[in-house]
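Chain by chain, the residues run as shown.
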Amino acid sequence: MKVFCGIDWASDHHDVAVVDSDGKLLGRARIGDDAAGLQQLLDLLAEHGDGPGERIPVAIETSRGLLVAALRATGRPVYAVNPMAAARYRERHSVSRKKSDHLDAMVLANILRTDADAHRPLPADSELAQAVAVLARAQQDAVWDRTQAGNKLRSHLREYFPGYLAAVQPTTGGLNSPLARTLLAAAPTPGQAARLTRTQLKAVLKRAGRQRGIDAEVERLHVALRIPQMRQLPQVETAMGHQALALLGKFKAACNAADDLAEASVELFEQHPDAAVITSFPGLGALSGARVLAEIGDDRTRFADARALKAYAGSAPVTRASGKSHAVMVRRVKNQRLAAVGYVWAFASLTASPGARAHYDRRRKAGDRHSSAQRNLYNRLLGCLHHCLTTGRPYSENTAFPAPPKLELAIAA
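Residues numbered from 1 in each chain as written. Predicted model: local features only at pLDDT ≥ 70, side-chain atom pairs only at ≥ 80, totals over all residues. Heavy atoms only, no water.

## Notes on the sheet that holds strand β2 (residues 13–20)
One key point about sheets: their strands pair by backbone hydrogen bonds, in either a parallel or an antiparallel sense. Formally: Two strands form a pair only when DSSP identifies at least two bridges running between them. Counting from the N terminus, the helices are the DSSP runs of H or I reaching at least four residues and the strands are the DSSP runs of E reaching at least two. Angular values range over 0 to 180 degrees, each being the angle between N-to-C directions of two axes fitted as lines to C-alpha atoms, with helices fitted over their stretch in contact. In what follows, residue pairs with any heavy atoms lying within 4.5 Å of each other are defined as contacts.
Strand order in the open sheet made by the five strands is β3-β2-β1-β4-β5, with mixed pairing throughout. Sheet topology places β3 (25–32) and β5 (78–80) at the edges, where each strand pairs with a single neighbour. Shown here is a sheet whose adjacent strand axes are inclined to one another by a mean of 20°, direction ignored. This element, helix α1 (residues 35–47), spans β1 (3–8), β2 and β3 of the sheet and lies at about 170° to β3.

## Here we look at the pairing of β1
Going by this rule: Exposed residues in this analysis have more than 50% of their type's maximum accessible area, buried residues have under 20%, and partly exposed residues fall in between, with area computed by a 1.4 Å probe over protein chains only.
The element β1 is extensively covered by neighbouring structure, given that six of its six residues are classed as buried. Burial of the side chains of β1 extends over both faces: Val3, Cys5 and Ile7 are buried on one face and Phe4, Gly6 and Asp8 on the other. Inspection of the sheet shows β1 paired to β2 by six bridges, in the antiparallel sense. Bridge pairing in β2 places isoleucine 7 opposite valine 16. In this sheet, strand β4 (residues 58–60) lies alongside β1 in parallel orientation, the contact comprising three bridges. Bridging across to β4, cysteine 5 finds its partner in valine 58.

## A short note on the environment of tyrosine 378
Looking at the secondary structure, you find tyrosine 378 in helix α17 (residues 370–391). For tyrosine 378 and alanine 346, which are 32 residues apart along the polypeptide, the C-alpha to C-alpha distance reads 5.4 Å.

## Some points on the state of the cysteines
What counts is decided by this rule: In plain terms, two cysteine sulfur atoms within 2.5 Å form what is called a disulfide here.
On inspection of all chains with the given rule, the structure shows zero disulfides. No disulfide involves cysteine 384; its sulfur sits 6.5 Å from that of cysteine 388, the nearest cysteine. The exposure class assigned to cysteine 384 is buried, which follows from its relative accessible area of 15%.

## Digging into the packing of helix α9 (residues 198–207) against helix α10 (residues 214–224)
Just so we agree on the cut-off: Working definition: roughly parallel below 35 degrees, roughly antiparallel above 145 degrees, roughly perpendicular at 65 to 115 degrees, and oblique for all remaining angles. Handedness of each helix crossing follows the sense of rotation of the near helix against the far helix: counterclockwise by less than a right angle gives left-handed, clockwise gives right-handed.
Between α9 and α10, whose axes approach to 9 Å, the crossing angle comes to 120°. The orientation of α9 relative to α10 falls into the category oblique. For α9 against α10, the interelement crossing comes out right-handed. Residues Arg198, Leu201, Lys202, Leu205 and Lys206 of α9 pack against Ile214, Asp215, Glu217, Val218, Glu219, Leu221 and His222 of α10.

## Some thoughts on the layout of surface pockets
Gaps between atoms show up when a probe of the same size as a water molecule is rolled over them. Going by this rule: In this analysis the probe radius is 1.4 Å and the grid spacing 1 Å, with only protein atoms considered; a cavity is a set of points the probe fits into but cannot get out of, a pocket is an open set with protein on both sides within 12 Å along at least five of seven lines, and lining residues have an atom within 4 Å of a point. Grid points are joined across faces, edges and corners, and a volume is the space filled by probe spheres set on the points.
In this structure, the largest pocket occupies an estimated 1600 Å³ of space. Ser63, Leu122, Pro123, Arg302 and Tyr312 are the residues nearest the centre of the largest pocket, which is lined by 45 residues in total. Residue assignment for the lining of the largest pocket shows that the elements contributing at least two residues are α2 (66–73), β5, α3 (83–93), α5 (127–160), α13 (286–296), α14 (306–313) and α15 (336–352). Among the elements that make up the lining of the largest pocket, the one with the highest residue count is α5 (seven residues).

## Some words on the pattern of salt bridges
Where we set the bar: What counts as a salt bridge is simple: a side-chain nitrogen of Lys or Arg found within 4 Å of a carboxyl oxygen of Asp or Glu.
Under the definition given, this model contains 13 salt bridges. One salt bridge in this structure joins arginine 231 and glutamate 237, with 2.6 Å as the shortest N-O distance. When its relative accessible area of 48% is taken as the criterion, arginine 231 is described as partly exposed. Judged by its relative accessible area of 7%, glutamate 237 falls in the buried class. Between arginine 363 and aspartate 368 there is a salt bridge whose closest N-O contact spans 2.8 Å. Given a relative accessible area of 19%, aspartate 368 falls into the buried group. Here the salt bridges do not stand alone but share partners, grouping Asp15, Arg30 and Asp101 into one network.

## Quick notes on a negative patch on the surface
Cut-off, in case you're wondering: Residues form patches when they are more than 30% accessible in relative terms and have no salt bridge. Like charges link within 9 Å. Nonpolar side chains (Val, Leu, Ile, Met, Phe, Trp, Tyr) link within 5 Å. All accessible areas in this document rest on Shrake-Rupley with a 1.4 Å probe, and a residue is counted as covered only by the protein chains that are shown. When charges are counted, Lys and Arg contribute as positive and Asp and Glu as negative, whereas His and the chain ends are disregarded. Note that the charge is assigned to NZ on lysines, CZ on arginines, CG on aspartates and CD on glutamates.
A contiguous patch of negative charge, built from Asp259, Asp260, Glu263, Glu267 and Glu270, is present on the exposed surface. Mapped onto the secondary structure, glutamate 263 falls in helix α11 (residues 234–269).

## Some words on α1
We count it as follows: For a helix, the expected span equals 1.5 Å multiplied by the number of residues minus one.
Over its 13 residues, α1 runs 19 Å from end to end, which matches the ideal 18 Å to within 8%, given 1.5 Å per residue. Against the buried residues of α1 lie β1, β2, β3 and α2. The positive-phi residue at the C-terminal boundary of α1 is glycine 49, with phi of around 100°.

## Section: the packing of aromatic side chains
To keep it simple, the criterion reads: A pair of aromatic rings is counted whenever rings of Phe, Tyr or Trp (Trp by its six-membered ring) have centres within 6.5 Å, and the orientation is called stacked for planes under 30 degrees apart, edge-to-face for over 60 and tilted otherwise.
Counted under the stated rule, the structure contains six aromatic pairs. Each ring, one from phenylalanine 281 and one from tryptophan 345, has its centre 5.9 Å from the other, and the planes form 85°; the classification is edge-to-face. Of this pair, phenylalanine 281 sits in the loop between α12 (275–279) and α13 while tryptophan 345 sits in helix α15, and the two are 64 residues apart along the sequence. Exposure remark for phenylalanine 281: the relative accessible area of 2% places this residue in the buried category. Relative to tyrosine 395, the ring of phenylalanine 281 has its centre 4.9 Å away and its plane inclined at 45°; by these criteria the two rings are tilted. Taken together, the residues span a long stretch of sequence, with phenylalanine 281 in the loop between α12 and α13 and tyrosine 395 in the loop between α17 and α18 (397–400) at a distance of 114 residues. Exposure class is identical for phenylalanine 281 and tyrosine 395. Each is buried. Each member of the aromatic cluster is reached from another via a ring pair, and the members are Phe281, Trp345, Tyr378 and Tyr395.

Here you go:
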């Protein structure tokens with residue numbers, strides 16, 4: 001007799017249902033989100049045949065949290081079922097659309113009983129790969145937060161201090177540069193910026209870490225900050241300056257978090273055995289490589305072949321055929337984080353790999369738009385990455401993009 005377990009996850013408690021191969025309920029419980037609740041769950045599973053030789057599989061609607069981590073540590077298969085998919089399964093058991101936590105746990109258990117092959121268990125990634133995933137994803141979130149905070153600050157400055165944006169635009173990094181943030185903190189309003197002396201500007205540059213070309217930059221800023229511009233009323237301008245400092249504080253925190261997490265991600269990623277293979281690819285550095293490893297993991301059984309990896313990353317198209325209609329479209333359901341790093345990877349490879357550049361140019365000549373050509377290139381690189389990780393070999397330009405055979409002209413005798 002085979003047994004399946006479903007867990008309806010909540011913030012402070014979890015409902016558990018255990019069913020057999022015929023769908024008969026063998027046991028149910030409501031456990032707490034603590035060590036005692038975990039022990040109660042393990043005892044319930046042990047009562048129904050769970051043991052070291054054969055672990056009862058578990059279906060749950062999340063892939064994160066301490067409960068999931070503890071269940072994975074026991075070595076059992078854990079299936080993270082999408083809540084939308086579970087809601088569709090619920091309609092198979094009740095047409096009245098009734099809902100309860102116990103019913104949801106039963107639905108999850110029956111998903112494994114009937115359609116386990118249609119769902120994938122959580123990959124058995126190593127501890128190091130999971131740690132890299134935590135840092136790389138946190139760093140990516142920090143970058144998105146930094147972009148959002150920078151856009152808010154830039155939008156606010158346009159309302160009362162466009163001259164500042166024009167002054168820092170030639171600086172490397174623009175508003176993201178340490179000089180731009182230090183200058184705004186020293187003079188958050190047009191009036192204060194116009195009163196900055198050359199000595200004060202030199203001190204600002206030194207605080208920002210500038211070491212070369214200080215005198216020339218002082219002169220440029222001294223002139224740029226005194227260019228006449230439209231101004232708000234004095235009290236309104238002062239108030240908007242205070243708001244700019246508040247937004248600047250959020251922006252600085254996001255910048256520091258992104259930098260610190262990037263350093264920690266790279267340090268941990270370089271300890272992983274797959275780091276050398278991943279960074280051997282053109283366009284992939286240590287940080288982008290850490291993001292790739294975070295999403296694909298190091299469990300070699302996770303993807304059956306390269307096509308599965310391409311579908312997971314969203315680079316493979318989707319075909320919709322019904323009757324006489326046939327359409328090939330962009331894949332929308334995908335790993336968004338892997339798709340985001342894939343765009344950067346494909347773009348960077350254009351200058352780092354002659355073969356990648358030639359492949360992109362061929363797609364453009366064939367009529368593809370820029371995004372389509374880049375996605376096709378990303379699809380090609382993912383296939384190469386799957387092969388290299390499977391075989392343990394580094395990237396080879398000649399193997400990934402072999403030169404086309406030369407056409408030999410037949411000379412008539």
